[in-house]
Amino acid sequence: DVKVTQSSRYLVKRTGEKVFLECVQDMDHENMFWYRQDPGLGLRLIYFSYDVKMKEKGDIPEGYSVSREKKERFSLILESASTNQTSMYLCASSSGQVRQPQHFGDGTRLSIL
Amino acid sequence: SQQGEEDPQALSIQEGENATMNCSYKTSINNLQWYRQNSGRGLVHLILIRSNEREKHSGRLRVTLDTSKKSSSLLITASRAADTASYFCAPSYSGAGSYQLTFGKGTKLSVIP
């Protein structure tokens, strides 16, 4: 089975801090994704990557950046955390075939105080 | 963003009953996928139906697709308390980025024992 592991289930940070969320997948998937999930808004795509060192903006990239130095790891960076970035963050991966199912981690619930 | 839209937003049924959730989408799709999310967890892929398919089964799940109406439905037969979760449809649009899915806001299903 595909395993997507997010480094923390819960995280509490302060306004202005630089925050790193880490995601690792073990299935040699080409594609990796970061979403945030908020009540009433569903899942919104922040960034995705289809190859090492490649990244594409999703629907809501402002305030975020990403890093993909190795195929199995995709990091989401909050450059200067703000309270409106308090949310559930979900990482996913999929194979390089187009439009394939995505495999999700269990999420990181991030609170910015 | 061209999310799928699930209907109803919430559904409460007794154990043993069938549950039907609907999804509407905007333009031509390559495929449509359904996912489940248990409370506080990541999404789990349930079933994928291609645009040239009309119906697909997986265990107690039955998915239909009507491309003329741009709609899909997910039927869960003989529901169990363990089916309590949120269910999301994710249309994969023909003209969009090859790797992206657009998730709706979900239907929250409660199965009462």
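Each remark here, short or long, concerns the structure printed above.
Residues numbered from 1 in each chain as written. Chains lettered and ligands numbered in written order. Predicted model: local features only at pLDDT ≥ 70, side-chain atom pairs only at ≥ 80, totals over all residues. Heavy atoms only, no water.

### Considerations on the nonpolar core
What counts is decided by this rule: Joining through side-chain atoms within 4.5 Å is the link that ties buried Ala, Val, Leu, Ile, Met, Phe, Trp, Tyr and Cys residues into a set, and such a set is a nonpolar core. Using a 1.4 Å probe on the protein chains alone, a residue whose accessible area is under 20% of its type maximum counts as buried, one over 50% counts as exposed, and one in between counts as partly exposed. By the criteria applied, helices consist of DSSP H or I runs no shorter than four residues and strands consist of E runs no shorter than two, each listed in order from the N terminus. Contact between two residues is taken to exist if any of their heavy atoms lie within 4.5 Å; hydrogens are not considered.
Membership of the largest hydrophobic core comes to 22 residues, with the highest contact counts inside it found for B:L32, B:W34, B:L74, B:I76, B:Y87 and B:L109. Of all the elements in the fold, those that place two or more residues in this core are strand 3 (19-24), strand 4 (29-37), strand 5 (43-50), strand 7 (61-66), strand 8 (71-76), strand 9 (85-93) and strand 10 (107-112) of chain B. A per-element tally of this core places strand 9 of chain B first, with four residues. Those residues in contact with B:Y87, other than ones at most four positions away along the chain, are B:E6, B:M21, B:Y35, B:R36, B:L46, B:L74, B:I76, B:G106, B:T107 and B:L109. Among the nonpolar cores identified, the runner-up in size contains 20 residues, and A:L11, A:W34, A:F74 and A:I112 belong to it.

### Some words on the pattern of salt bridges
Oppositely charged side chains can form a pair if their charged atoms are brought close together. Residue and element names in this part refer to chain A. Filter applied, for reference: By definition here, a salt bridge exists when the distance from a side-chain nitrogen of Lys or Arg to a carboxyl oxygen of Asp or Glu is within 4 Å.
What the rule picks out here adds up to 12 salt bridges over all chains. Across the pair K71 and D28 runs a salt bridge, and its minimum N-O distance is 3.2 Å. A residue pair is termed long-range when its members are at least 10 positions apart, and K71 in the loop between strand 7 (64-70) and strand 8 (73-78) and D28 in the loop between strand 3 (19-25) and strand 4 (31-38) qualify at 43 residues. The partner of R44 in a salt bridge is D38, and the shortest N-O contact between them spans 2.8 Å. A single salt-bridge network, built from bridges that share partners, covers D28, E30 and K71.

### Quick word on the interface of chain A and chain B
Keep this limit in mind: The term buried area means the drop in 1.4 Å probe accessible area that two parts suffer when joined, counted for both and summed. In this classification, the charged set is Asp, Glu, Lys and Arg, the nonpolar set is Ala, Val, Leu, Ile, Met, Phe, Trp, Tyr, Cys and Pro, and all remaining amino acids, among them Gly, are polar.
Counting residues at the interface gives 24 residues for chain A, matched by 25 residues for chain B. When the two sides are added together, the surface that chain A and chain B hide from each other amounts to roughly 2,000 Å², 52% of it contributed by carbon and sulfur. When the buried area of chain A at its contact with chain B is split by residue, A:L43, A:R99 and A:F104 rank highest and sum to 33% of it. Between chain A and chain B we count one salt bridge in total. The residue B:R41 makes a salt bridge to A:D106 at a minimum N-O spacing of 2.9 Å. Secondary-structure elements contributing two or more residues to the side of chain A that touches chain B are strand 4, strand 5 (42-49) and strand 9 (87-94) of chain A. Along the lines of polarity and charge, the residues of the side of chain A that touches chain B split into 12 nonpolar, eight polar and four charged.

Function cannot be inferred from these measures alone, as they are strictly geometric.
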